[in-house]
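Here is what each chain is made of, one letter per residue.
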Amino acid sequence: TSWWRAPERRTQETALALRVNARPVSELRAWDAGRWSGKAVAWVAEHDPAAFAAWRTDPGSEAHGGEPLNGLIVRVSAWLTEQSLVRGSALVTADPAIIRAALVSALGAAPATFWRLDIPPLSLTVLQCANNEWRVRGVNVEYQDDAVATV
């Protein structure tokens, strides 16, 4: 089993709570929210409504000065493509936005699907790669050591 995590401190703390020494991977870093970082979604919607609307409806929007949704999905998809060549299972601790992007990629779904996925903190999503195709085995499921691939 391989153990990976996003580079943020919170993912390191989660990995340590799981008693694993997970290697940080820059491709799994949290979504860059630009000037909105640290602000509540409700605050952004109220104080920057046009930019917020663009961000939610245009996957190429950089209205917030950060990474566009398309960029996030491409980044996570590229990492998943690399992992499809690796045999065995893996555990990844990452921000919910990274998990949502992985699900969009695995499903081959439109970027708008990202906004329809609810990934609570400390939940488990299970993906499996077979014949170079990712499949969603479970979302928000209980942890099992025998999971084939975990993201």
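Read on for a plain summary of the structure. Everything numeric in this text was worked out from a predicted model, so none of it was measured.

Tallying secondary structure elements over the protein chain gives five helices and five strands in all. Starting at the N terminus and ending at the C terminus, the protein chain contains elements arranged as β-α-β-α-α-α-β-α-β-β. On C-alpha atoms alone, the protein chain measures out to a radius of gyration of 16 Å, which is about the 15 Å that the 2.2 N^0.38 rule sets for 151 residues. Taken along its principal axes, the extent of the C-alpha atoms in the protein chain is 45 × 30 × 25 Å.

For the rest of this paragraph, the subject is unusual backbone geometry. The backbone phi angle of Arg19 is positive, close to 65°, even though this residue is not glycine. Judged by relative accessible area, which is 79%, Arg19 ranks as exposed. Unlike most non-glycine residues, Asn131 shows phi in positive territory, near 55°. We classify Asn131 as exposed; its relative accessible area is 71%.

This next bit is on the environment of Leu72. Mapped onto the fold, Leu72 is located in helix α4 (residues 69-83). Between the C-alpha atoms of Leu72 and Phe52, which are 20 residues apart in sequence, the distance is 17 Å. Setting aside chain neighbours within four positions, we find Leu72 in contact with Trp31, Glu67, Ala97, Ile98, Ala101 and Phe114.

By size, the foremost hydrophobic cluster in this structure holds 31 residues, and its most contacted members are Leu28, Trp31, Leu72 and Phe114. When residues of this core are traced back to their parent elements, those giving at least two are α3 (49-57), α4, β3 (90-93) and α5 (96-107). In terms of residues, this core owes the most to one element, α5, which gives eight residues. Ignoring sequence-local partners within four residues, the contact set of Trp31 consists of Trp55, Glu67, Pro68, Leu69, Leu72, Arg75, Ala97, Ile98, Phe114 and Trp115.

The subject of this paragraph is the packing of α4 against α5. Running from N to C, α4 and α5 point in directions that differ by 70°, and their axes come no closer than 9 Å. Here α4 is positioned roughly perpendicular relative to α5, judged by the angle of their axes. Residue-level contacts link Leu72, Ile73, Arg75, Val76, Ser77 and Leu80 of α4 to Ala97, Ile98, Ala101, Ala102, Val104 and Ser105 of α5. When its residues are assigned to classes, the contact of α4 with α5 shows nine nonpolar, two polar and one charged.

Here the focus is the pattern of salt bridges. Side-chain pairing between opposite charges can occur once the charged atoms of the two side chains come close. Applying the stated criterion across every chain yields a total of five salt bridges. Between Asp95 and Arg10 there is a salt bridge, with its nearest N and O atoms 3.0 Å apart. With a gap of 85 residues between them, Asp95 in the loop between β3 and α5 and Arg10 in helix α1 (residues 9-17) connect regions that are remote in the sequence. We classify Arg10 as partly exposed; its relative accessible area is 43%. A salt bridge links Arg35 to Asp48; the shortest N-O distance between them is 3.2 Å. Of this pair, Arg35 sits in the loop between β2 (23-24) and α2 (41-47) while Asp48 sits in the loop between α2 and α3; the two residues are 13 residues apart in sequence, bridging distant segments of the chain.

To continue, consider the side chain of Thr93. By the element assignment, Thr93 lies in strand β3. In terms of polar contacts, Thr93 uses its side chain to reach the backbone carbonyl oxygen of Thr11, at 3.2 Å. Residues within four places of Thr93 in sequence aside, it is in contact with Trp4, Arg5, Ala6, Thr11, Thr14, Ala15 and Leu18.

Criteria and thresholds
- Residues numbered from 1 in each chain as written.
- Predicted model: local features only at pLDDT ≥ 70, side-chain atom pairs only at ≥ 80, totals over all residues.
- Heavy atoms only, no water.
- Helix = DSSP H or I, 4+ residues; strand = E, 2+ residues; numbered from the N terminus.
- Rg over C-alpha atoms; globule rule 2.2 N^0.38 Å.
- Buried < 20%, exposed > 50% of the residue type's maximum accessible area, 1.4 Å probe, protein only.
- Contact = heavy atoms within 4.5 Å.
- Core = buried A, V, L, I, M, F, W, Y, C linked by side-chain atoms within 4.5 Å.
- Axes fitted to C-alpha atoms, helices over the stretch in contact; angles between N-to-C directions.
- Parallel < 35°, antiparallel > 145°, perpendicular 65-115°, else oblique.
- Nonpolar A, V, L, I, M, F, W, Y, C, P; charged D, E, K, R; others polar.
- Salt bridge = Lys/Arg side-chain N within 4 Å of Asp/Glu carboxyl O.
- Polar contact = N/O pair within 3.5 Å; in protein donor to acceptor, adjacent residues only side chain to side chain.

Everything listed here is a matter of coordinates, which is why it stays silent on function.
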